[in-house]
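Descriptive structure summary
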Amino acid sequence: MSEVKLSVETRTEFGKGAARRIRRDKKVPGVLYGHGSDPLHLTFPGHELLLALRTPNVLIALDIDGKSNELAIPKSVQRDPLKGFLEHVDLQLVQRGETVTVEIPVLTEGELAPGGYLLEHVLNTLPVEAEATHIPESVTVSVEGLAAGASIHAKDIALPKGTKLAVDEDAVVIQVLAAQAEEGAEDGEAGEAAEA
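Quick summary incoming for the structure in this document. (Residues numbered from 1 in each chain as written. Predicted model: local features only at pLDDT ≥ 70, side-chain atom pairs only at ≥ 80, totals over all residues. Heavy atoms only, no water.)

Things to note about the overall build of the protein chain
Rule in force here: Helix and strand assignments follow DSSP, with helices taken as H or I runs no shorter than four residues and strands as E runs no shorter than two, numbered in order from the N terminus. In this description the radius of gyration comes from C-alpha coordinates, and the expected globular size is given by 2.2 Å times residues to the power 0.38. Any residue under 20% of the maximum accessible area for its type is buried, any over 50% is exposed, and the rest in between are partly exposed; the area is computed with a 1.4 Å probe on protein chains only.
In terms of regular secondary structure, the protein chain is built from 3 helices and 13 strands. Relative to a compact globule of 196 residues, whose C-alpha radius of gyration would be 16 Å, the protein chain shows 23 Å and is clearly more extended. For the protein chain, the spread of C-alpha atoms along the principal axes amounts to about 80 × 45 × 25 Å. Per-residue burial for the protein chain yields a buried fraction of 33% across its 196 residues.

What to know about the sheet that holds strand β4 (residues 59-64)
Cut-off, in case you're wondering: Being paired, for any two strands, means DSSP has found at least two bridges between them. Only C-alpha atoms enter the line fits that serve as axes; for helices the fit covers just the stretch in contact. Angles between N-to-C directions range over 0 to 180 degrees.
The mixed closed barrel is built from 6 strands, whose spatial order is β1-β3-β2-β6-β5-β4. Ignoring which end each strand starts from, the neighbouring axes of this sheet average 45° apart. When β4 meets strand β5 (residues 68-79), the two strands line up antiparallel, connected through 5 bridges. Bridging across to β5, D63 finds its partner in N69.

What to know about the sheet that holds strand β7 (residues 99-109)
Here we have 4 strands laid out as an open sheet, ordered β10-β7-β9-β12, and mixed in their pairing. The open sheet is flanked by β10 (139-142) and β12 (164-165), the only strands paired with a single partner. The sheet contact formed by strand β9 (residues 125-131) and β12 spans 2 bridges and is antiparallel. Each bridged residue has a counterpart across the sheet, and for V128 the counterpart in β12 is L165.

What about the pattern of salt bridges?
For the record, the criterion: Just to be clear on terms, a salt bridge is a Lys or Arg side-chain nitrogen sitting within 4 Å of an Asp or Glu carboxyl oxygen.
Evaluation of the coordinates by the stated rule reveals 3 salt bridges. Its salt-bridge partner being K164, residue E129 comes within 3.9 Å of it at the nearest N-O pair. Of this pair, E129 sits in strand β9 while K164 sits in strand β12; the two residues are 35 residues apart in sequence, bridging distant segments of the chain. A relative accessible area of 27% places E129 in the partly exposed class.

Remarks on the side chain of E131
How we decide: The sign given to each residue is positive for Lys and Arg and negative for Asp and Glu; His and the chain ends receive no count. Any two residues whose heavy atoms approach within 4.5 Å at even a single point are treated as in contact.
Structurally, E131 is set in strand β9. Here E131 is buried and forms no salt bridge, its nearest opposite-charge partner R96 lying at an N-O distance of 6.7 Å. Excluding residues that lie within four positions of it along the chain, E131 makes contacts with Q95, R96, G97, E98, T99 and G162.

As for the pairing of β7
Pairing between β7 and β9: 7 bridges, direction antiparallel. When the bridges of β9 are listed, V100 appears paired with A130. Relative to β10, β7 is paired through 4 bridges, and the arrangement is parallel. Looking at β10, one finds that E109 is bridged to S142.

Focus on the pairing of β5
Between the end of β4 and the start of β5, which pair antiparallel, lie 3 residues, with D65 showing a positive phi angle near 55°. In this sheet, strand β6 (residues 86-94) lies alongside β5 in antiparallel orientation, the contact comprising 8 bridges. The residue bridging I73 from the neighbouring strand is Q92, located in β6. If you look at the hairpin formed by β5 and β6, you'll find 6 residues sitting between the two strands, and G84 has a positive phi there, around 80°.

Side note on unusual backbone geometry
Positive phi, close to 65°, is recorded for K26, a residue that is not glycine. For K26, the position within the fold is in the loop between α1 (16-24) and β2 (27-34). Overall, K26 belongs to the exposed group, its relative accessible area being 67%. Not every positive phi belongs to a glycine, and D65 is a case in point at roughly 55°. Tracing the chain through its elements places D65 in the loop between β4 and β5.

Any functional reading would require information that these geometric values do not contain.
Laid out in structure tokens, this is it:
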């Protein structure tokens, strides 16, 4: 798991106007919370934060006003729906050795059995418990040779050492469906043949 260091500043101005001024300076407003402490309102460097958040569940080492160092993971990220830039971020305070619950992406590899089958991701992410400094970036599942009716449950996925499921082990993560022909087109052709 990657760890990214960011220098951040505490902020004392709140509200839409203050947030707009922060974003105009190419920075992002955010909140750090957890461990029973009061929420800490911060200003993050925009570009560096954007790069850090490309990695799911990234561990962020925060240098707050050059005085204190804290570890955090992203919990909520708000983006502009049209332009995609960061509007706000919420981070959860963590400590080394602490277990946290996060969702990791489920990736697939391999080819389905021949026959025009469809792969359905019932869960795009898998809830797991892991040590805060050893959160896996993703899990990969092989779908090699699977045909219609086959499914992969949470318990079937090999997790990295020290990682446990945080979801029902019988939950379906991936299933294979048979491709269906368009019924409307077939019915229409049959109707035309009957009329002729």
